[in-house]
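# Structural characterization, general
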Amino acid sequence: MTQTVGVDSVGETAQAGGYPAEAEVAAVREDARFQRAVTAYRFWYPTVSVEGIFQGNRDIGIEDGATVGIAATGPRQVGFTLNSDTPYGAAAIDLRGGPVVIELPPGPYIGLVDDRHQRWVLDMGIPGPDGGKGGRHLVLPPGHTGDVPEGYYAARSNTNINLLALRALPVGGDMGKALEALRAVKVYPLDRPGDLMGYTDITERASDNSCLKWEDDLEFWRVLNRVVNEEPVTDEFRPMYGLLTALGIGKGQKFDPDEATARLLERAARAGLDQMRAAAFASDRPDRIAWPDRRWEWVGLVADDPNFETPEGLDLDARDRWFYQAIVASPAMFRRVEGAGSLYWLGHRDADGEYLDGGTDYRLTLPAPVPGKLFWSVTAYDARTRSQVQTDQDQGALRSLVELAGADPAAPVDLYFGPNPPAGAEDRWLKTVPGRGWFAYIRIYGPEAAAFDGTWKPGDLRRVPADR
């Protein structure tokens, strides 16, 4: 006896007999392409985002494979949640000519290499295998078959162009010395040790190392197509390359969408961006909560894994959340272990659960002592640009080693945020912009046990009465 499938189990667009209804086919196809484009946008966002870092450097004369840009960053350097806690060094290293060496002297360095998709390749310095004692790190190109010489910490990249990100900790709060320490790092091709990359200080120069200029229009897809064509295929991404092929992006393909496809891709970029924004600032995941009785949230939701891989698979939601707000990934950035790396907490709602408003004044109380062996900071970011707030104060951070160096470490500290300076506490105030949302990161470097066990927790951001 033949059993037939019930009518209720057949899709709405199916005719009798199970075939698609002719009148609906065009709309169904369009919807399928749109859904694929949104998925592709979100997945490939980190690739386009890191290209924003490279392009920002190129725009101010920092050449790929030739120069490292260094800066004590501030609001004038636009970049997703860049901070002013330590000076940065950033460069595109090019492996098309062979392996590249990054040689660190002993000292308080934190460094990493990520590939062109922001997948982690290696750590250096304090969180790396050299443990801050110095060493030679070797980045191998895709498909490298040569011998690996002894005496190097070696790792293989999946891409030819890679991001080198360096930081030097400001011992005693001396940013100048930390900036100079970056110049002591040597970067050179393995087979040409005398061909050192140069350094350019861009501290005083405005730059945009983000993908803001591309993220919501057709240029996003043009940039992605260029990177896909310039880099070898990453095996783990093969299903996602398939999505791109269906959208006219692929190896050896000229990206030349017709008018209808261009409209679809622009619409998908805006929809994908909205979804990532919600993952960052409107998540309902229980594991985002840092303390049950506080509004503060974890930024990174997958501890220890820089590629957001879990035993169950790739945590795409956590990946979206991170890369909407931030750049680069490393195990040291997500580790929730005493004394290891750094911790990041996100505050984007006040004590009443409302989004932070640049036209409102707030107070944040941090109990003492803040549980960090090295130092800590609070940084204010613009919600649209995900970069430090830009005001005539030209400041986006309050740091334990700099602005707050004279505070009593045994006493709670009140910090202020808003358009109006608090009387008598101007040195503990960050100005915000009316009409623009903002969020805060608390960072602790070298976190102690109290940062994890609930014996220490920050207050919530609370509105300050107008008649204070």
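Bear in mind the structure is a predicted one, so any value in this text is a computation, not a measurement.

## Overview of the packing of helix 1 (residues 25–59) against helix 3 (residues 219–230)
Packing of helix 1 against helix 3 leaves a shortest axis separation of 9 Å and a crossing angle of 80°. Classified by the angle their axes make, helix 1 and helix 3 are roughly perpendicular. In this structure, helix 1 uses Ala37, Ala40, Tyr41, Trp44, Tyr45, Thr47, Val48, Glu51 and Arg58 to contact helix 3, whose residues at the interface are Phe220, Trp221, Val223, Leu224, Arg226 and Val227. When grouped by side-chain class, the residues that make up the contact of helix 1 with helix 3 number eleven nonpolar, one polar and three charged.

## Some words on the confidence of the model for the protein
Put simply, the protein has an average pLDDT of 94, and 96% of its residues get 70 or more. A low-confidence stretch, residues 1–10 stays under pLDDT 50, and its non-local contacts, those more than four residues away or across chains, total zero contacts.

## A look at the sheet that holds strand 10 (residues 186–189)
An order of 8-7-4-10 is seen for the four strands of this open sheet, with the pairing classed as mixed. Strands with a single pairing partner mark the edges of an open sheet, and in this sheet they are strand 8 (153–156) and strand 10. For this sheet the average axis-to-axis angle between neighbouring strands, irrespective of direction, equals 20°.

## A closer look at the sheet that holds strand 1 (residues 67–71)
On the basis of which strands lie adjacent, the open sheet formed by six strands has the order 6-5-9-3-1-11 and mixed pairing. Two strands lie at the open edges of the sheet, namely strand 6 (120–125) and strand 11 (198–201), each paired on one side alone. Each strand of the sheet is rotated relative to its neighbour by a mean of 20°, with strand direction disregarded. Both strand 3 (residues 88–94) and strand 9 (residues 161–168) contribute to a ladder of seven bridges, which runs antiparallel. Of the residues in strand 9, the one forming a bridge with isoleucine 93 is asparagine 162. The strands that helix 1 touches are strand 3 and strand 9; relative to strand 9, the one it contacts most, it runs at about 75°. Most of the contacts of helix 2 (residues 175–183) go to strand 9, to which it runs at about 140°, and overall it touches strand 1, strand 3, strand 5 (109–115), strand 9 and strand 11.

## Quick look at empty space enclosed by the protein
Any empty space left between the atoms is revealed when a probe the size of a water molecule rolls over them. Enumeration over the complete set of coordinates arrives at two cavities of 30 Å³ or more. In this structure, the largest cavity spans a volume of roughly 70 Å³. As for the largest cavity, its lining consists of Trp298, Gly300, Met333, Phe334, Arg336, Ser342, Leu343 and Tyr344. Those elements that provide at least two residues to the lining of the largest cavity are helix 7 (331–334) and strand 16 (342–347). If you tally residues by element for the lining of the largest cavity, the top one is strand 16, at three residues. Residues that form the lining of the largest cavity fall into these classes: five nonpolar, two polar and one charged. Of the volumes computed, that of the second largest cavity is approximately 30 Å³. In terms of lining residues, the second largest cavity is bounded by Asp85, Met175, Phe375, Trp376, Arg399, Ser400 and Leu401. Here the lining of the second largest cavity is composed, by residue class, of four nonpolar, one polar and two charged.

## Some words on the nonpolar core
Residues Trp221, Trp345, Leu366 and Leu415 are the most contacted members of the largest nonpolar core, which totals 94 residues. Among the elements that take part in this core, helix 1 stands out by supplying twelve residues, more than any other. Here tryptophan 345 is in contact with Ala290, Trp291, Trp296, Glu297, Trp298, Val299, Ala440, Tyr441, Ile442, Ile444, Ala451 and Trp456, once residues within four sequence places are set aside. Ile93, Val113, Val139 and Val187 belong to the second-largest nonpolar core, a separate cluster that totals 25 residues.

## Here's the deal with unusual backbone geometry
In this chain, alanine 368 is followed by proline 369 through a cis amide linkage whose omega measures -10°. By the element assignment, proline 369 lies in the loop between strand 17 (362–366) and strand 18 (372–382). Of note, the phi angle at arginine 386 is positive, near 55°, even though the residue is not glycine. Of note, arginine 386 is situated in the loop between strand 18 and strand 19 (397–399). Given the relative accessible area of 0%, arginine 386 is considered buried.

## A short note on helix 6 (residues 316–325)
Most of helix 6 is tucked away: eight of the ten residues are buried. Among all positions in helix 6, only Ala318, Arg319, Asp320, Arg321, Trp322, Phe323, Tyr324 and Gln325 are buried.

About the criteria used
Residues numbered from 1 in each chain as written. Predicted model: local features only at pLDDT ≥ 70, side-chain atom pairs only at ≥ 80, totals over all residues. Heavy atoms only, no water. Axes fitted to C-alpha atoms, helices over the stretch in contact; angles between N-to-C directions. Helix = DSSP H or I, 4+ residues; strand = E, 2+ residues; numbered from the N terminus. Parallel < 35°, antiparallel > 145°, perpendicular 65-115°, else oblique. Contact = heavy atoms within 4.5 Å. Nonpolar A, V, L, I, M, F, W, Y, C, P; charged D, E, K, R; others polar. pLDDT = per-residue confidence, 0-100. Pairing = 2+ DSSP bridges. 1 Å grid on protein atoms, 1.4 Å probe; cavity = no way out; pocket = protein on both sides within 12 Å on 5 of 7 lines; lining within 4 Å. Points joined across faces, edges and corners; volume = space filled by probe spheres on them. Core = buried A, V, L, I, M, F, W, Y, C linked by side-chain atoms within 4.5 Å. Buried < 20%, exposed > 50% of the residue type's maximum accessible area, 1.4 Å probe, protein only.

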